[in-house]
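# A closer look at the structure
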Amino acid sequence: MPIPTFQILMKPHQVLPHIDRIIEFADANRKSLGFLQKKVFGEYIDRGRLWAAVSNDTKECLGYLLFGGSYPTLKVFQLYVQKKCRKLEVGKKLILSLVTWGEEHSFSNIFARVAADLSSNLFWEKVGFSLVRQEEG
């Protein structure tokens, strides 16, 4: 069976058709991602700060990245990839796309605040993030 291919959609008009699925992902994973109101997702799409990873074949949304920040630091607010797609390096491609975008726009740092007890910390290490500070939750 061939490995599914996907693309990262960054432009608001590309991401908008996937907003309902992105909100479903976020709502189903509130415990690890935190809660955001639905209107927040629309605001981030409008600003080009919500990206979707979408299958080339099925056009299914595999995951998303929501980020913000102000110069010179980008902040990752939410990163989610469907469990069935985590071996496809979807999250890695989303983050590497953010790194490239950040460099093109002269950002020098990317920051992600992640709870210490989440298994996703292994992912962040694999993509080159390092622990700067740990706070009690």
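Given the structure is predicted, the values throughout are model-derived calculations rather than measurements. Throughout this description, residue numbers start from 1 for each chain and increase along the sequence as written. In view of the model being predicted, local features appear only for residues whose pLDDT reaches at least 70, and side-chain atom pairs are presented and counted only at 80 or more, with totals across whole chains, interfaces and linings using the full set of residues. Heavy atoms throughout the structure, all of them, feed into the side-chain values; hydrogens and water do not.

## Some details on the pattern of salt bridges
Oppositely charged side chains can pair when the atoms bearing their charge come close. Within this document, salt bridges are pairs made up of a side-chain nitrogen of Lys or Arg and a carboxyl oxygen of Asp or Glu, the two lying within 4 Å of each other. Enumeration according to the criterion identifies three salt bridges in this entry. Of the charged contacts, one joins Arg-21 and Glu-24 as a salt bridge, the two residues approaching to 2.8 Å between their closest N and O atoms. Taken together, the residues Arg-21 and Glu-24, both in helix 2 (residues 19-28) and three residues apart, mark about one turn of the helix. Only protein chains enter the accessibility calculation, which uses a 1.4 Å probe; a residue is then buried when its area is under 20% of its type maximum, exposed when over 50%, and partly exposed in between. Overall, Arg-21 belongs to the partly exposed group, its relative accessible area being 32%. A salt bridge links Arg-30 to Asp-27, with the nearest nitrogen and oxygen atoms 3.5 Å apart. Residue classification places Arg-30 among the partly exposed residues on the basis of a relative accessible area of 42%. What counts as a helix is a DSSP run of H or I of at least four residues, what counts as a strand is a run of E of at least two, and both are numbered from the N terminus.

## A short note on the environment of Tyr-44
Within the secondary structure, Tyr-44 sits in helix 4 (residues 38-46). Residue Tyr-44 is classed as buried on the basis of its relative accessible area, which comes to 13%. Distance from Tyr-44 to Gly-68, taken between C-alpha atoms, is 8.1 Å for residues 24 residues apart in sequence. In contact with Tyr-44, not counting residues within four places along its chain, are Arg-49, Leu-50, Leu-66, Phe-67, Gly-68 and Phe-77. A contact between two residues is defined here by any heavy atoms of the two lying within 4.5 Å.

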